[in-house]
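In case you want the letters, here they are:
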Amino acid sequence: MGNFIFHGCDAAELAREFGTPLYVMSEDEAIDRIRAVKSCFDDSYERCRTHFASKSFLSRDMLGIIESEGLGLDVVSGGELYLARDEGFPPEKIAFHGNSKTDSEIRDALEYRIGKFVCDSLQEIAAIGGIARAVGARAKILIRVNPGVEGNTHRHMLTSGGRTKFGIRSSEIADAVSLCMGLENIELGGFHFHVGSQLMDNSAHLAALDVLLGLIKRLKVELGFDTEVLDMGGGFGVAYTDLDKPAPIDEFIRPMVGRVCEFCASNGIFRPDLIIEPGRFIAGPSGITLYTVCSVKEVPGVAIYAGVDGGFPDNPRPALYEAKYDAVIADKFGEPRTETVTIAGKCCESGDILIRDIALPHVERGNIIAVLCTGAYNHSMASNYNKNPVPAVVAIRGGVPRVSVRRQTYADIFACDSPKT
Ligand code: LLP
């Protein structure tokens, strides 16, 4: 019995000191997870690089950790690039992804001399080539391939297969390579795929690798093209609840590397540099969100609703992906879970339910609820819906908490409004 301790900090104390809703990120956990994935990859292949998918969680502090741990950085927008540039993140370690890059994003990225663009269409390759020529730069690119493989995950987290907007289909890759070969300001390094997110095992990665490796062989034979880089994406799943049983990270990675090595050896093909780009695996389990219970309402025969002071604006994932989470009452930790409760967000939106029917100790107004595993795609997807300020991020290092990103104020929310006419 007592309070929930998260990486050396009493969660109820954090709520009292920093207010709720509150994102809490353990930097120690993030660093452990970075080292776990990076060392597994480094030990299994001689020329590899781990990138962090910054869309999962980005702050100045996180960027500092990514740089000091020696990872590369994936960005997908001018905004993510802006922070990387503002913090002086090494440009050669940045990859710019996305299916719809604007001219100004392309120009900014070229000006910062980023390591590579991951190109999503033939039109984009031509556009980058044109802008690079105009500014006197040479753009290094990878082509994103849609291997046509569907991973086993929520349909909104699929990024490969017949209906996805992402990537170039295998049948068009030879044309894309020929296009690159004819563009003076484009330097094609190789290929990229990302099959989807929150995958429990690597079967989709392996199926995609078979497609990609076949393609690499064909391009060598037909066009004499040597693939120097193969980026195998992210997607390594984490356990949000006891029902999720993700494979350990080495069981994801080692067989993927093994598949590349075997194929290249048996087909006499040059072994490319390999890249992976985890986001959720690093950020997800490193974070929790703290809320204060503002109302407890029993609707007989339906549910006990515990309304909290956050919800959809700080975590849209249950509404968008039917995502499931686990939670504890931080100030009643270890007490028997005697009630079935639905944790409701505060938005005027019926879908704003954080967790349906979770077993918890008796819940009362004023209790602090900790929703677990919220470090990825929560802060980064936060909105101001119903004009709720984005919560602060408190980072914990060595058991010591500090404000890493301050809470938005009401004034921040309206700071961009022109004075009324
Ligand atoms: N690389 C590429 C090209 C990606 O598109 C993504 C995620 C990643 C890497 C990182 O995937 P991860 O290792 O984090 O699974 N908002 C959704 C997730 C969308 C992910 C999109 N792409 C969510 O909240 O679950």
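Keep in mind that what you see is a predicted model, and the values were worked out from it rather than measured.

Colleague: Please explain the overall build of the protein chain as it appears in this structure.
Modeller: Secondary structure assignment for the protein chain yields 12 helices and 20 strands. For the protein chain, whose C-alpha radius of gyration is 23 Å, the value lies close to the compact-globule estimate of 22 Å for 421 residues. For the protein chain, the spread of C-alpha atoms along the three principal axes comes to 70 × 55 × 40 Å. Residue burial in the protein chain is summarised as follows: out of 421 residues, 54% are buried.

Colleague: Looking at this structure, I do not really get the domain arrangement of the protein chain. What am I missing?
Modeller: In terms of domains, the protein chain is made up of domain 1 (5-10 + 285-407) and domain 2 (58-278). The C-alpha centroid of domain 2 is placed 34 Å from the C-alpha centroid of domain 1. Contact residues are listed per partner, giving 15 residues for domain 1 and 13 residues for domain 2. Summing both partners gives a buried area of about 1100 Å² for domain 1 against domain 2, and 54% of it is carried by carbon and sulfur. Summed over the three residues of domain 1 that lose the most area to domain 2, namely Arg-317, Tyr-321 and Cys-373, the buried surface amounts to 35% of that side. Where domain 1 meets domain 2, there are one salt bridge. Looking at the side of domain 1 that touches domain 2, the elements that each hand over two or more residues are α11 (317-321) and β20 (400-405). Residues that form the side of domain 1 that touches domain 2 fall into these classes: seven nonpolar, two polar and six charged.

Colleague: Is there a simple way to explain helix α2 (residues 27-44) in this structure?
Modeller: Owing to its 3.6 residues per turn, the α-helix brings residues three or four apart onto one side. In a regular helix each residue adds 1.5 Å, so 18 residues correspond to 26 Å; α2 covers 26 Å between its end C-alpha atoms and thus fits that length. Glu-27, Glu-29, Ala-30, Ile-31, Arg-33, Ile-34, Val-37, Cys-40 and Phe-41 are the residues of α2 that are buried.

Colleague: Which parts of the structure should I look at to understand the side chain of Asn-367?
Modeller: Following the sequence through the fold, Asn-367 ends up in the loop between β17 (353-360) and β18 (368-372). A polar contact of 2.7 Å, which involves the side chain of Asn-367, links it to the backbone nitrogen of Glu-364. Each residue touching Asn-367, except ones within four places of it in the same chain, is listed here: Tyr-291, Thr-292, Val-293, Ile-329, Asp-331, Lys-332 and His-362.

Colleague: I tried to follow empty space enclosed by the protein on my own but got confused; where do I start?
Modeller: Empty space among the atoms becomes visible once a probe the size of a water molecule is rolled across them. Under the defined criterion, the tally for this structure stands at two cavities of 30 Å³ or more. Each pocket or cavity is described by its volume, and for the largest cavity that value is around 70 Å³. Lining the largest cavity we find Met-25, Ser-26, Glu-27, Ala-30, Phe-57, Ser-59, Asp-61, Met-62, Ile-65, Val-393, Ala-395 and Ser-404. For the lining of the largest cavity, the secondary structure elements donating two or more residues are β3 (22-26), α2, α3 (60-68) and β19 (392-397). Of the residues forming the lining of the largest cavity, the biggest block, three residues, is contributed by α3. Broken down by class, the residue content of the lining of the largest cavity amounts to seven nonpolar, three polar and two charged. Domain assignment of the residues forming the lining of the largest cavity places at least three in each of domain 1 (5-10 + 285-407) and domain 2 (58-278). Size it by volume and the second largest cavity reaches roughly 50 Å³. Residue lining of the second largest cavity: Tyr-23, Val-24, Met-25, Phe-57, Gly-287, Ile-288, Thr-289, Thr-374, Gly-375, Asn-378 and His-379, and that is the complete set.

Colleague: Looking at this model, I keep getting lost on the side chain of Gln-198. Mind explaining?
Modeller: Counting through the fold element by element, Gln-198 comes out in the loop between β10 (186-192) and α8 (203-223). Exposure remark for Gln-198: the relative accessible area of 10% places this residue in the buried category. A distance of 2.8 Å separates a polar atom in the side chain of Gln-198 from the backbone oxygen of Val-238. Not counting residues within four places of it along the chain, the set of residues in contact with Gln-198 comprises Thr-153, Met-157, Gly-235, Gly-237, Val-238, Tyr-240, Asp-244 and Arg-280.

Colleague: Explanation requested: the packing of helix α5 (residues 103-111) against helix α6 (residues 122-135) in the structure shown.
Modeller: Geometrically, a packed helix pair is captured by the angle between its two axes and the distance between the axes. At their nearest, the axes of α5 and α6 sit 10 Å apart, and the two run at 50° to each other. If you check the angle between α5 and α6, you find them oblique. Once α5 is placed against α6, the crossing between them reads as right-handed. Residues Asp-103, Ile-106, Arg-107 and Leu-110 of α5 form the contact with α6, whose participating residues are Ile-128, Ile-131, Ala-132 and Val-135. Here the contact of α5 with α6 is built from residues that sort into six nonpolar, no polar and two charged.

Cut-offs and rules
- Residues numbered from 1 in each chain as written.
- Predicted model: local features only at pLDDT ≥ 70, side-chain atom pairs only at ≥ 80, totals over all residues.
- Heavy atoms only, no water.
- Helix = DSSP H or I, 4+ residues; strand = E, 2+ residues; numbered from the N terminus.
- Rg over C-alpha atoms; globule rule 2.2 N^0.38 Å.
- Buried < 20%, exposed > 50% of the residue type's maximum accessible area, 1.4 Å probe, protein only.
- Domains from an automatic or database assignment.
- Contact = heavy atoms within 4.5 Å.
- Buried area = accessible area lost by both parts, 1.4 Å probe.
- Salt bridge = Lys/Arg side-chain N within 4 Å of Asp/Glu carboxyl O.
- Nonpolar A, V, L, I, M, F, W, Y, C, P; charged D, E, K, R; others polar.
- Expected span 1.5 Å × (residues − 1).
- Polar contact = N/O pair within 3.5 Å; in protein donor to acceptor, adjacent residues only side chain to side chain.
- 1 Å grid on protein atoms, 1.4 Å probe; cavity = no way out; pocket = protein on both sides within 12 Å on 5 of 7 lines; lining within 4 Å.
- Points joined across faces, edges and corners; volume = space filled by probe spheres on them.
- Axes fitted to C-alpha atoms, helices over the stretch in contact; angles between N-to-C directions.
- Parallel < 35°, antiparallel > 145°, perpendicular 65-115°, else oblique.
- Left-handed = near helix turned anticlockwise from the far one by under 90°.

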